[in-house]
Amino acid sequence: MKRITDAVLGPAKAAHLLQRAGFGGSPGEVKQWAAKSPVDAVAELVAYQEKANDFGPPVFLETSAESDANFAKEFAKLRELRREDQAAAEQTQRRLNAQRRRVQYQGIGELRAWWLYRMRYSNAPLQEKMTLFLHGHFASSTQKVRSPGMLYQQNQLFRRLGNGNWEDLVNGVASDPAMLLYLDNARSNRRKPNENFARELLELFTLGEGNYTEEDILAAARAYTGYSLKRETGEFVFRNFMHDPGRKTFMGETGAFKGEDIVRIALKHKQAPRFLTAKLWRFFVGSDASEAQVAHLSRVLLDAKWELQPLLSEIFLSEDFYADNVQRGLIKSPTQWLVQLLKTMEAPLPDPRISNGILIQLGQELFNPPNVKGWDGGAAWINSSTLLNRYNFAGALVKGQLPQNLGRSPTNRSAYNNRPSLRSVIDPERVLPAAARKDRASVQRALFARVYQSQLRASDRAKFMEYLDTQKDPTDWNARDLQEAVHLLLSSPQYQLA
């Protein structure tokens, strides 16, 4: 793989890099990054801890400890009540369960809003993009992990180690409370090792299907016995009395292994670097890597002793990453679609209920992937229903017209008695200032630079010019005229691609 040799990125490559390594940017941001050399730009993106701003924790964490303490007291009283009055106890149990569900639901909503805010405003876009990748790679769901605090901790783990050492990250996930609950490993013990966790560790996290034996799974399961949680706090704890201390044979090596040994040995497998590099390439590039690309990137990863920064830099500096067939060749995920729309329009996030409602109907509810494999991505994001929803939601965001039922919860209607309001994200003078409305050609250039961040094909430009020819003179446009033009561009097949 050859490295890009341009002296500066230039507008097209800068826009492409910001979209793939983040969530895009405004025309001003693209212009700023276009003047950077590729090496400097990628170094700034990849070493993101040096630039990341501190958003603080989600609001719910400030009150969760007090809420948990109150629930603990209430459930302690419930035990007393059961001995005295079973009927009253059952009624109290239902009340407490419903109250706890409301608190948990509110916490998850605040957590989603907090993460979307970070994606929209972070100074370190690759940090949030890697967190999104890892959220799909090490999938866990609020449907099973009902603790927003645990999901927050896992999200922070991805954010902290997303450009760090892969072995450290895998070990961190294996002792992560949310993952221990999601894959049922918190109760794994020497009498009944949890093979489900061991299988997912090898198949989905490190090696891929077919690169291990059933004996390897059993050995790994035994090694991870005793990885558990403190019942009072939900923190990780290693319980020695639950652990199987016996000798285990895993991938040809024998010893009294614990979980860290399993990861260390698994990463020696020839498929381990190939599995990770191929998946990262698919996520950032949008197509399967060739054998030569996988081989090269695997060498980079192994030479760096599993540090991810050199691997990410090699991807973003390669000529292949900027190839013509790669640019505008990746179907945007719903999260990418929403956040990029807001960033390119320099618009604020709408009400969190609206944002989450959009992502649900487009097929990507954060903290709720469909299964342990995460989201399929790619062409799976688009079907007749989700494509129409994208067009409709683009119109809603641009024009400030809230679709029916958007923002209402199908599972907790009481939380949304007050229907959220929506304002247009369009500031006409920011999106299309007077200087860009002097004629139709100026309008086309300015809007393409903002919405598509490229000029696209001549045929696409011609179609939009035909539309402009049916409209009044741009010097007479009002806000509604601009909204209609922007909605048209956002409702095109080309806008679904990054």
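Residues numbered from 1 in each chain as written. Predicted model: local features only at pLDDT ≥ 70, side-chain atom pairs only at ≥ 80, totals over all residues. Heavy atoms only, no water.

K.L.:
Run through the packing of aromatic side chains, naming residues and quoting values.
P.N.:
Summed over the entire model, instances satisfying the criterion amount to 19 aromatic pairs. Measuring from ring centre to ring centre gives 5.1 Å for F197 and Y224, while their planes differ by 70 degrees; the resulting arrangement is edge-to-face. With F197 in helix α10 (residues 195–206) and Y224 in the loop between α11 (214–223) and β1 (227–229), this pair connects stretches of sequence that are 27 residues apart. Here the two residues F197 and Y224 agree in accessibility, since each one is buried. (Phe/Tyr/Trp six-rings, centres within 6.5 Å; stacked < 30°, edge-to-face > 60°. Helix = DSSP H or I, 4+ residues; strand = E, 2+ residues; numbered from the N terminus. Buried < 20%, exposed > 50% of the residue type's maximum accessible area, 1.4 Å probe, protein only.)

K.L.:
Give a detailed account of the pattern of salt bridges, specifying residues and quantitative values.
P.N.:
The final tally for this structure, using the stated rule, is 23 salt bridges. Here K472 ties to D481 by a salt bridge, and the two come within 3.0 Å at their closest N and O atoms. Overall, the relative accessible area of 17% leaves D481 in the buried class. What you see here is one network of salt bridges that share partners, running through K36, E44 and K51. (Salt bridge = Lys/Arg side-chain N within 4 Å of Asp/Glu carboxyl O.)

K.L.:
Describe the layout of surface pockets, listing the residues and the values that go with them.
P.N.:
Size it by volume and the second largest pocket reaches roughly 880 Å³. Taken together, 33 residues form the lining of the second largest pocket, with K279, F283, W375, D376 and G377 sitting closest to its centre. Of all elements in the fold, only α1 (10–20), α6 (125–137), α10 and α13 (271–285) reach the threshold of two or more residues within the lining of the second largest pocket. Here the residues of the lining of the second largest pocket sort into 13 nonpolar, 11 polar and nine charged. (1 Å grid on protein atoms, 1.4 Å probe; cavity = no way out; pocket = protein on both sides within 12 Å on 5 of 7 lines; lining within 4 Å. Points joined across faces, edges and corners; volume = space filled by probe spheres on them. Nonpolar A, V, L, I, M, F, W, Y, C, P; charged D, E, K, R; others polar.)

K.L.:
I'd like to hear about the side chain of T206, residue by residue, with values.
P.N.:
Of note, T206 is situated in helix α10. Excluding anything up to four places from it in sequence, T206 contacts V170, L201, A266, L267, A272 and F275. (Contact = heavy atoms within 4.5 Å.)

K.L.:
Which residues make up the nonpolar core, and what values go with them?
P.N.:
Formed by 131 residues in total, the largest nonpolar core has its most connected members in L17, F138, W166, F316, W337 and L447. Apart from the residues within four sequence positions on either side, F316 is in contact with L17, A21, V42, V46, L126, F284, F321 and Y322. (Core = buried A, V, L, I, M, F, W, Y, C linked by side-chain atoms within 4.5 Å.)

K.L.:
Run through the packing of helix α5 (residues 86–121) against α6, naming residues and quoting values.
P.N.:
Put simply, α5 and α6 touch, their axes get as near as 9 Å, and they point 135 degrees apart. Comparing their axes, α6 and α5 come out oblique. Along its contact with α5, which presents W115, R118 and M119, the element α6 presents Q127, E128, T131, L132 and H135. Across the contact of α5 with α6, the residue classes break down as three nonpolar, three polar and two charged. (Axes fitted to C-alpha atoms, helices over the stretch in contact; angles between N-to-C directions. Parallel < 35°, antiparallel > 145°, perpendicular 65-115°, else oblique.)

K.L.:
I'd love a proper account of helix α18 (residues 384–399), names of residues and values included.
P.N.:
In this model, α18 (16 residues) spans 23 Å end to end at C-alpha, consistent with the 22 Å of a helix rising 1.5 Å per residue. Taken together, the buried positions of α18 are occupied by T386, N389, R390, Y391, F393, A394, G395, A396, L397, V398 and K399. Of the residues that open α18, the one with a side-chain oxygen 2.9 Å from the backbone nitrogen of S385 is N383. Just downstream of α18 lies G400, where phi reads positive at about 75 degrees. (Expected span 1.5 Å × (residues − 1). Polar contact = N/O pair within 3.5 Å; in protein donor to acceptor, adjacent residues only side chain to side chain.)

K.L.:
Account for the packing of helix α16 (residues 334–344) against α18, naming residues and giving values.
P.N.:
Look at α16 against α18: their axes get within 12 Å of each other, and the N-to-C directions meet at 25 degrees. Compared by their axis directions, α16 and α18 come out roughly parallel. The two elements α16 and α18 meet at a crossing, and its hand is right-handed. Contact with α16, carried on its side by P334, W337, L338 and L341, involves R390, F393, A394 and L397 of α18 and no other residues of that element. Among the residues making up the contact of α16 with α18, the classes are represented as seven nonpolar, no polar and one charged. (Left-handed = near helix turned anticlockwise from the far one by under 90°.)

K.L.:
Can you lay out unusual backbone geometry for me, pointing to particular residues and giving the numbers?
P.N.:
Of note in this structure, W306 is not a glycine but carries a positive phi near 70 degrees. Relative to the helices and strands, W306 resides in the loop between α14 (291–303) and α15 (308–317). W306 gets classed as buried once you look at its relative accessible area, which sits at 8%. Positive phi, close to 55 degrees, is recorded for R328, a residue that is not glycine. Tracing the backbone shows R328 in the loop between α15 and α16.

K.L.:
Quick rundown of the environment of G286? Include the residues and the values.
P.N.:
One can find G286 in the loop between α13 and α14. Separated by 43 residues in the primary sequence, G286 and G329 have C-alpha atoms spaced 6.7 Å apart. Not counting residues up to four positions away in its chain, the partners in contact with G286 are R20, W281 and L330.

K.L.:
Kindly report on the environment of N53, identifying the contributing residues and their values.
P.N.:
With respect to the helices and strands, the residue N53 is situated in the loop between α3 (38–46) and α4 (60–84). In this structure N53 comes out as partly exposed when scored by relative accessible area, which is 23%. For the pair N53 and N123, spaced 70 residues apart in sequence, the C-alpha to C-alpha distance is 6.1 Å. With residues up to four places along the chain from it excluded, the contact list for N53 reads R118, Y121, S122 and N123.

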